[in-house]
Amino acid sequence: MSRKKGLSVEEKRSRMMNFFYEKKDFFTLKELERMCQKEKGITSMSVKDILTSLVDDAMVDTDKIGTSVYFWAFPSKASQNRKRKINDVTNQLEEFESKKKALTESVLRAKVGKEDNDDRSELLAELVVKKDEKSRLMSELDLYRECDPDVLQEVQNQTVVAKEAANRWTDNVFSIKSWIKRKFSFEESVIDKQFDIPEDFDYVE
């Protein structure tokens, strides 16, 4: 014979809830371990875990009275919970339906004037042509960018700045050469050779 299959967690939860609904009374953990095993086939070792999960889900109530902790669950509360859940789901459904309606109306408004017809198709085709033409003209414009007065003026400005900077460095080189000549009495040709300074080194005109 095949071994008898044990109860699943959901089956144990369901049987324990039925136990509470049938008894309509208060029980300690010890009482539940004994009675649920005897009447509902839930092993005493698993009663505590199942009971804890039901308490965590607010399906079973619990309270400490004196030194003992009691557990209970009445059908009336289960009915109230179901009604509350139904109301919550109903409210959510109404909210979703309202959002769906608003989105549908928004889509319909967005489609106004965009219906497929010959005029719209021609305009879209013309738009594609215009975009291609714009791309071609921009590429052609780049070819003539060097002749742009603004670009030429910018190049001239940069040239002036570069010339001034080069001549400042030329001043610095001449100053250093003069200092070396005075300090060490070197010939200018020796200094030029030592520092790789060209013979025609001079200011930029």
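Just above, that's the structure.
Here goes a summary of the coordinates provided. The shown structure was predicted, so the numbers you read here are calculated from the model rather than taken from an experiment.

Digging into unusual backbone geometry
Phi is positive for Lys24, which is not a glycine, with a value near 50°. As for its position among the elements, Lys24 is in the loop between α1 (9–23) and α2 (29–40). In the Ramachandran plot, Asp196 falls in the positive-phi region, its phi being about 55° despite a non-glycine side chain. Given a relative accessible area of 68%, Asp196 falls into the exposed group.

Details of the environment of Lys30
With respect to the helices and strands, the residue Lys30 is situated in helix α2. We classify Lys30 as exposed; its relative accessible area is 65%. Taking C-alpha positions, Lys30 is 9.4 Å from Val47, a pair spaced 17 residues apart along the chain.

Overview of the pairing of strand β2 (residues 68–72)
Pairing of strand β1 (residues 61–65) with β2 involves 5 bridges; the strand directions are antiparallel. In the strand pairing of β2, Asp61 is matched with Trp72. Linking β1 back to β2 in an antiparallel pair, the connection comprises 2 residues, with Gly66 at a positive phi of about 70°.

Quick look at the packing of α2 against helix α3 (residues 44–56)
In contact at an axis separation of 9 Å, α2 and α3 are set at 120° when each is read in the N-to-C sense. The angle between α2 and α3 places the two elements in the oblique class. Regarding α2 and α3, the two cross each other, and that crossing is right-handed. Contacts between α2 and α3 involve Leu29, Leu32, Glu33, Cys36 and Gln37 from the first element and Ser44, Val47, Lys48 and Leu51 from the second. Considered class by class, the residues forming the contact of α2 with α3 number 5 nonpolar, 2 polar and 2 charged.

Thresholds applied
Residues numbered from 1 in each chain as written. Predicted model: local features only at pLDDT ≥ 70, side-chain atom pairs only at ≥ 80, totals over all residues. Heavy atoms only, no water. Helix = DSSP H or I, 4+ residues; strand = E, 2+ residues; numbered from the N terminus. Buried < 20%, exposed > 50% of the residue type's maximum accessible area, 1.4 Å probe, protein only. Pairing = 2+ DSSP bridges. Axes fitted to C-alpha atoms, helices over the stretch in contact; angles between N-to-C directions. Parallel < 35°, antiparallel > 145°, perpendicular 65-115°, else oblique. Left-handed = near helix turned anticlockwise from the far one by under 90°. Contact = heavy atoms within 4.5 Å. Nonpolar A, V, L, I, M, F, W, Y, C, P; charged D, E, K, R; others polar.

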